[in-house]
Amino acid sequence: MAPSAVDDTVSRREMWKTLPDPVLYPVKEAKFEKYIEPQSDGYERAKAQSGGNPAIVIDNGSWAVRAGWSFENAPRLAVPPIMAKYRDRKLGKTFSFAGQDCYADTSARGHIRNAFEAGTGIVSNWDVMEHVLDYVFLKLGMNGVDGAIDMPIVMTEAVANLPYSRKSMTEIIFECYGAPSLTYGIDSLFAYRHNQGKTGIVVSSSHSATHLIPVYNQKPLLAQATRLNWGGWHAAEYLLKLIKLKYYYGFPGKLNSSQAENMVRDFCYVSQDYDSELAHYLEWTGLEDRERIVQYPYTEEVINQKTEEELARIAERKKESGRRLQEQAAKMRLERLMKKEQELEYYKDVQRRILEQTTKKEIKRILDDAEVKDEAALDRMVKELEKSIKRARTKDLGGEQEEEQEAPDFSLLDVPDDQLDEAGLKQKRQQRLMKSNHDARARAKAEKEAEKARIAEEARLDEERRTNDLEGWLEEKRQLRLAKLAQIKERDRLKADLGNRKSLANQIRMKNLANLASDTPATTGRKRRRGGDDDDFGADDADWGVYRSVAIGANKGDSDDEEEAEEDLEASVRALEQDLLEYDKEFTYEHTLEAQNDWTKSLLHAFRYGPRPFDAAAPAETHRLHLNVERIRVPEVIFQPSAIAGVDQAGIIEIAGDILNQRLVGIPGLDRDSFLKDIFLTGGNTMFQGFDERMRASLMPLLPAGTPLTVRKAKDPILDAWKGAAGWAGSEDWQRAKVTREEYQEKGAEYLKEHDLGNAFS
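The name given to the protein in an unreviewed UniProt entry is Actin-like ATPase domain-containing protein, with the source organism recorded as Neurospora tetrasperma. UniProt, in the comment section headed Sequence similarities (unreviewed entry), describes the protein in these words: "Belongs to the actin family."

Shown next, in the form of structure tokens:
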């Protein structure tokens, strides 16, 4: 390894301590902020305007519904299009919440429903939509109106909105609320009008989708408009998937879409050169500045720290308690010793009394009184008591050291059975069992000594080879180390393959399991026994190899050699590396397996935990999300949807290039260069830092040299759609475009008046 690389690793291992404390960002999610009072002053001002043509303007977005009065500069309400309804069985009442109020009640949170279909700008739940409109009109001070909403309504809709969706909305506005008139318009065209746009390409990237609409002399060319199914909702869901994939072992915090939306909005930005920046994003230099750490709530284990006086008192109490326990134990041992001595004296007295007797009947009576089976059992009891007393005296009373254990007596093994009575035969069987155990222990001891001698001999020969041929010895150690590393790599690969259900190793494993579970398992090497239900599994040694083939080995996965399977490969590698570190000048610590597995060399560690070590026992660190490459990967999808997220659609630059170089060029009477002078960006998904610069830099290579190109962003990409609709309401164009209640009743809910800011009738 090059010295610079070694120095770099050492510096990373030590220099992280000089980094400043990490900046932690609290996790954000949608929550209830405050109660909104009904505001009747706007309605009173609207009624007071006789010729001003006031109207209620509603920007009906899939992320937020913004509503207000056309004569004001900003909407009064911005509520999410959600509703929660649940029934409290204890109170016997049904509660309904709309907008932000859904987050005010814990029970309501679990019943939230959205008016829009997920990821689209199409209303799919009209019950929720009606509740949201009720909420909007109530907060605008219309609760005092009897029977109907007596103000015209201007409402935005998506590009190429479905006729059924528009028809349903029209029926609700006229039938449920009785509005005098209703007008629809496209939100991005309203924003373009508010920013004084005339001819250009409107790029609208909102919560549900991205649209590119060519506009010529304030007239949209809707036939050339193109849709990209990617918006803020898709970006949040994609980030959520990336986080779950990044922390695949299970993140302890609770992740949801609302949190992901805030992370996308707060931390993501558009890269000007994605491939180049991504290649160097996880480099250790400056990584602490590029990553963002989101801290989730956690519970810290409280440890009460004791003072030195308290610790000293606790130690003294433990010491005193230990001393008392030792005294009690010594007293109990002394009592047991005295009891054993009394028993020994009693049984010795029994032996003396037996020696004085001459008849077997008297001997049997003495043994029965002593509750002893026979004289041999009495002798064993006396010997055991003498041994036990000697051990106790050696330990507690400082007596003489225990004598060496006497050799066991196997004298009856050479006596024929016909010369022994029943008691002798039983004792002979006991001696035979004792001899087999004694021989087994002797063989084990001999094998152990032989193994020690073999290891010592191998060590001597190894030392001799090192002394006589150092280079050859080092090369042998190097090759052996490489072989062990290859075994470790193969073991890890097998474990990974067994974790993949489609791998060859797992398929073989499943076949073996299926064969064992089958009523007619396939035989290998022998014929199955005819008749009966027993398939004699286990009668052949080959059967037991099945268990190795279906289980993951401790070190090598599926190993044929039992000794190699039980070998500690890591310990062997460490021993070899210790020898190389001591005798090989070219082998340094940075070459060792421990250094290679060091966190400072792990790209995965930098990806998950940044440039600092990770403590798995610290709750604060385990509840952190480290966002790094996700900050540029999520916004990049709109430019490369197929390459990044697998969305089978063209990117926004490719779509814009096709409109400018193919579609508009083929329309007679249009000047393509006039569209290039105003590439207009609107929508919340265009608010990423660097979005407009990336748009300009990516479009330039698609155009002829010297072609003028102007890319500008809306003054307020979020509110300009509402402001444009409010400014348009009351104009002569609005008067011609609105559908009155009488026209609705005469021509039906499908009736639509086309205008320069709305959809075409289809």
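1. Some remarks on the overall build of the protein
A tally of helices and strands in the protein yields 30 helices and 18 strands. Expressed as a percentage of contacts within the protein between residues at least 6 apart in sequence, the contacts between residues at least 24 apart total 66%. When the accessible surface of the protein is split by element, carbon and sulfur atoms take 51% of a total near 44,400 Å².

2. Quick notes on the pattern of salt bridges
Pairing between side chains becomes possible if they bear opposite charge and their charged atoms approach one another. Counted under the stated rule, the structure contains 42 salt bridges. Between Lys 246 and Glu 630 there is a salt bridge, and its shortest N-O distance comes to 3.2 Å. A residue pair is termed long-range when its members are at least 10 positions apart, and Lys 246 in helix H7 (residues 232–246) and Glu 630 in helix H23 (residues 630–636) qualify at 384 residues. On the basis of relative accessible area, Lys 246 is assigned to the buried category, the value being 3%. Classification of Glu 630 as buried rests on a relative accessible area of 3%. For Arg 352, the salt bridge goes to Asp 349, with nearest N and O atoms at 3.3 Å. You can see Arg 352 and its partner Asp 349 sitting in helix H11 (residues 308–356), three residues apart, about one turn around the helix. One continuous salt-bridge network, built from bridges that share partners, spans Asp 462, Arg 465, Glu 476, Lys 477 and Asp 579.

3. Concerning the sheet that holds strand E5 (residues 82–88)
Taking strand neighbours across the sheet as the criterion, the three strands line up as E6-E5-E7 in an open arrangement whose pairing is antiparallel. Whereas interior strands pair on both sides, the edge strands pair on one side only; in this sheet they are strand E6 (93–98) and strand E7 (112–114). Along the sheet, successive strands turn relative to each other by an average axial angle of 25°, direction set aside. Here E5 runs beside E6; their pairing, made up of six bridges, is antiparallel. Bridge assignment links Arg 87 to a residue of E6, and that residue is Thr 94. In the packing of helix H4 (residues 126–139) onto the sheet, contacts are made with E5, E6 and E7, and the angle to E5 comes to roughly 100°.

4. Details of the sheet that holds strand E15 (residues 624–627)
Where strands meet in a sheet, backbone hydrogen bonds hold them as pairs that are either parallel or antiparallel. If you trace the three strands from one edge of the open sheet to the other, you get E1-E14-E15, paired in mixed fashion. This sheet does not close on itself; its edge strands, each paired only once, are strand E1 (24–26) and E15. For this sheet, the mean angle separating the axes of adjacent strands, direction not counted, is 35°. Here four bridges tie strand E14 (residues 292–295) to E15, and the two strands are oriented antiparallel to one another. Each residue of the ladder has a partner; that of Ile 293, found in E15, is His 626.

5. Some remarks on the UniProt feature "coiled-coil region" (unreviewed entry) in the protein
This chain's UniProt record puts "coiled-coil region" (unreviewed entry) on residues 304–335 and 559–586. Between the C-alpha atoms that bound residues 304–335 there is a distance of 43 Å. The span itself is 88% helix and 0% strand.

6. Things to note about the packing of aromatic side chains
On inspection of all chains with the given rule, the structure shows 20 aromatic pairs. Aromatic pair Trp 69 and Phe 71: ring centres 6.0 Å apart, planes at 15°, arrangement stacked. In textbook terms, an aromatic cluster arises when at least three aromatic residues are bridged by ring pairs, as seen for Tyr 247, Tyr 248, Tyr 249, Phe 251 and Tyr 296. Its end group placed over the ring of Phe 607, Lys 246 keeps NZ or CZ at 4.2 Å from the ring centre. For the cation-ring pair, Lys 738 lies above Trp 734, with the distance from its terminal atom to the ring centre recorded as 4.5 Å.

7. Brief notes about the packing of helix H6 (residues 187–194) against helix H28 (residues 720–728)
Running from N to C, H6 and H28 point in directions that differ by 75°, and their axes come no closer than 7 Å. Between H6 and H28, the interaxial angle falls into the category roughly perpendicular. Contacts between H6 and H28 involve Asp 187, Phe 190, Ala 191, Arg 193 and His 194 from the former and Asp 720, Ala 721, Lys 723, Gly 724, Ala 725, Gly 727 and Trp 728 from the latter. The class makeup of the residues in the contact of H6 with H28 is five nonpolar, three polar and four charged.

8. Side note on H11
An ideal rise of 1.5 Å per residue puts 72 Å on 49 residues; H11 measures up with 72 Å between its terminal C-alpha atoms. When H11 is considered as a whole, its buried residues turn out to be Leu 337, Leu 344, Tyr 347, Val 350 and Ile 354.

Thresholds, definitions, all that
- Residues numbered from 1 in each chain as written.
- Predicted model: local features only at pLDDT ≥ 70, side-chain atom pairs only at ≥ 80, totals over all residues.
- Heavy atoms only, no water.
- UniProt positions renumbered as here; feature names shortened; annotations may be inferred.
- Helix = DSSP H or I, 4+ residues; strand = E, 2+ residues; numbered from the N terminus.
- Contact = heavy atoms within 4.5 Å.
- Areas by Shrake-Rupley, 256 points an atom, 1.4 Å probe, with all protein chains shown as cover.
- Salt bridge = Lys/Arg side-chain N within 4 Å of Asp/Glu carboxyl O.
- Buried < 20%, exposed > 50% of the residue type's maximum accessible area, 1.4 Å probe, protein only.
- Pairing = 2+ DSSP bridges.
- Axes fitted to C-alpha atoms, helices over the stretch in contact; angles between N-to-C directions.
- Phe/Tyr/Trp six-rings, centres within 6.5 Å; stacked < 30°, edge-to-face > 60°.
- Lys NZ or Arg CZ within 6 Å of the ring centre and 35° of its normal.
- Parallel < 35°, antiparallel > 145°, perpendicular 65-115°, else oblique.
- Nonpolar A, V, L, I, M, F, W, Y, C, P; charged D, E, K, R; others polar.
- Expected span 1.5 Å × (residues − 1).

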